[in-house]
Amino acid sequence: MKFGIMIVPEDRWQTARLKWRRAEQMGFDHAWTYDHLNWRAFRAKEWFTMVPTLTAAAVETERIAIGALVSSPNLRHPVNLAKDVTTIDDISGGRLVLGLGAGAAGFDSTMTRRNPWSRRERTERFAEYVELTDRLLTQPVTTFDGSYYLADEVHSQPLCRQEPRVPFAIAASGPRGMRVVARHASTWVTTGEPNLFASAPYEEALPVLRQQVEALEKACVEIGRDPSTLSRLLVTGPTVGGVLDSPAAFFDAAGRFAEAGITDLVVQWPRPDEPFRGRVDVLEKIAEDLDRHRSR
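Below: a short report on this structure.

How each quantity is defined
- Residues numbered from 1 in each chain as written.
- Predicted model: local features only at pLDDT ≥ 70, side-chain atom pairs only at ≥ 80, totals over all residues.
- Heavy atoms only, no water.
- Helix = DSSP H or I, 4+ residues; strand = E, 2+ residues; numbered from the N terminus.
- Rg over C-alpha atoms; globule rule 2.2 N^0.38 Å.
- Buried < 20%, exposed > 50% of the residue type's maximum accessible area, 1.4 Å probe, protein only.
- Contact = heavy atoms within 4.5 Å.
- Areas by Shrake-Rupley, 256 points an atom, 1.4 Å probe, with all protein chains shown as cover.
- Axes fitted to C-alpha atoms, helices over the stretch in contact; angles between N-to-C directions.
- Parallel < 35°, antiparallel > 145°, perpendicular 65-115°, else oblique.
- Left-handed = near helix turned anticlockwise from the far one by under 90°.
- Nonpolar A, V, L, I, M, F, W, Y, C, P; charged D, E, K, R; others polar.
- Right-handed = clockwise from strand over helix to strand, strands pointing away.
- Pairing = 2+ DSSP bridges.
- Core = buried A, V, L, I, M, F, W, Y, C linked by side-chain atoms within 4.5 Å.

Describing the overall build of the chain
Right, so step 1: In terms of helices and strands, the chain carries 10 helices and 12 strands.
Right, so step 2: Relative to a compact globule of 296 residues, whose C-alpha radius of gyration would be 19 Å, the chain shows 18 Å and is just as compact.
Right, so step 3: Based on the C-alpha atoms only, the size of the chain along its principal axes is roughly 55 × 45 × 40 Å.
Right, so step 4: Taken across its 296 residues, the chain has 52% of its residues classed as buried.
Right, so step 5: If you take every contact in the chain between residues at least 6 apart in sequence, the share linking residues at least 24 apart comes to 74%.
Right, so step 6: Surface exposure of the chain reaches about 13,600 Å², of which carbon and sulfur atoms provide 48%.

Now the structure itself:
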């Protein structure tokens, strides 16, 4: 199993840089941030955006993979996103992973439009969004005329440092989203139950995760893809609780998740208050033992 950490973009960079640097020193395989204008309980607090944060993180670190969980049609046109992605991938030396998701109802969907998209429209937009982003990151020139997105002779130079492009980590839970994952992703992303901040003990997430993994593997088989070629990443914290209660809880959860088919486990950087309340000293003790459990 691989291990990752989510760093909420709430800190001024002099503080945030220490977290990104420490995540790498601790031995985590990947580090992530959120891609929102602002978010839920953090709306009235300081909140920084994804592109400059990951750019700075790329300079601050050397080894660890970095990424956003997740960029969505709520905020970015694929053409703009693709140019940002190639830039960060170059600055990081080819360490960027692009997290993508359909987005949800909330501040990101209401601050810049009068009529938020329905769930059906978000799903339809997302399939087109991923397809166009894929083309923009792999073709020197792209023309695309879809139902929702247009690209007219977009020149993409340079292309990604990684070939054929940066890997996609795509969040999905429904049948159509799983098909998008099967076609385009290197990693499938889940938070377990879709109702954020209804955190339950991690044991209770296992039946849902098994069902989701089964649906994912079915979607792969339907298009002729080997399911074993797809990583499965679980973001804990919002709906999967108790993982950072102690080192014993963390490694017990990691073992149970691995048995359910999860290959990558992401925890939130501990905060002094909710959401994601936790202790950094517990995280540090966990980090001391990552290598032994990573090899299992």
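Focus: helix α2 (residues 50-60)
Right, so step 1: M50, V51, T53, L54, A57, A58 and E60 are the residues of α2 that are buried.
Right, so step 2: Residues of α2 that are buried in the fold lie against α1 (13-26), β2 (30-33), β3 (65-71), α3 (78-91) and β4 (96-100).

Re the packing of α2 against α3
Right, so step 1: Interaxial distance between α2 and α3 falls to 9 Å at its minimum, and their mutual angle equals 15°. As summarised for this structure, α2 and α3 are arranged roughly parallel, according to the angle between their axes. The hand of the α2/α3 crossing is right-handed. On the side of α2, the interface is formed by V51, L54, T55, A58 and V59, while α3 contributes D84, I88 and I91.
Right, so step 2: Taken together, the residues of the contact of α2 with α3 sort by class into 6 nonpolar, 1 polar and 1 charged.

Things to note about the pairing of β3
Right, so step 1: Burial of β3 is extensive: 7 of the 7 residues sit out of reach of the surface.
Right, so step 2: A crossover links β2 with its parallel partner β3, the connecting element being α2, and its sense is right-handed.
Right, so step 3: Where β3 lies against β4, 4 bridges are found, and the strand directions are parallel. Across the sheet, the residue bridging to I66 is L96, located in β4.
Right, so step 4: In this view, the connection linking β3 to its parallel neighbour β4 by way of α3 has right-handed handedness.

Observations regarding the nonpolar core
Right, so step 1: Grouped together as the largest cluster of nonpolar side chains are 75 residues, with contacts concentrated most on L100, I170, W188, F250 and F257.
Right, so step 2: If you tally residues by element for this core, the top one is helix α5 (residues 119-138), at 7 residues.
Right, so step 3: Here I170 is in contact with L100, F126, V130, V180, V181, H184, A185, T187, W188 and V189, once residues within four sequence places are set aside.
Right, so step 4: Counting 17 residues, the second-largest nonpolar core is a separate cluster that includes W32, A169, V235 and V266.

Description of the sheet that holds β2
Right, so step 1: Here we have 8 strands rolled up into a closed barrel, ordered β1-β2-β3-β4-β7-β8-β10-β12, and parallel in their pairing. With strand direction ignored, the average angle separating the axes of adjacent strands in the sheet is 25°.
Right, so step 2: Bridge count between strand β7 (residues 168-171) and strand β8 (residues 187-190): 3 bridges; the pairing is parallel. Residue pairing in the sheet places A171 in a bridge with V189 of β8.
Right, so step 3: Here α5 sits on the sheet and contacts β4 and β7; the angle it forms with β7, its principal contact strand, is near 175°.

Description of the pairing of strand β1 (residues 2-6)
Right, so step 1: By the criterion of burial, β1 is predominantly enclosed, with 4 of the 5 residues buried.
Right, so step 2: With 5 bridges connecting them, β1 and strand β12 (residues 264-268) associate as parallel partners. Pairing of K2 across the sheet is with D264, part of β12.
Right, so step 3: For β1 and β2, the ladder comprises 3 bridges, and the chain directions are parallel. Its bridge partner being in β2, G4 is matched across the sheet by H30.
Right, so step 4: For the segment spanning β1, α1 and β2, crossover handedness is right-handed.

A closer look at unusual backbone geometry
Right, so step 1: Following L69, the chain continues to V70 via a peptide bond in cis, the omega torsion being -5°.
Right, so step 2: Mapped onto the elements, V70 comes out in strand β3.
Right, so step 3: Between E163 and the following residue, P164, the backbone shows a cis peptide bond with an omega angle of 0°.
Right, so step 4: Positionally, P164 belongs in the loop between β6 (150-155) and β7.
Right, so step 5: Non-glycine residue E153 carries a positive phi angle of around 50°.
Right, so step 6: Counting through the fold element by element, E153 comes out in strand β6.
Right, so step 7: Overall, the relative accessible area of 53% leaves E153 in the exposed class.

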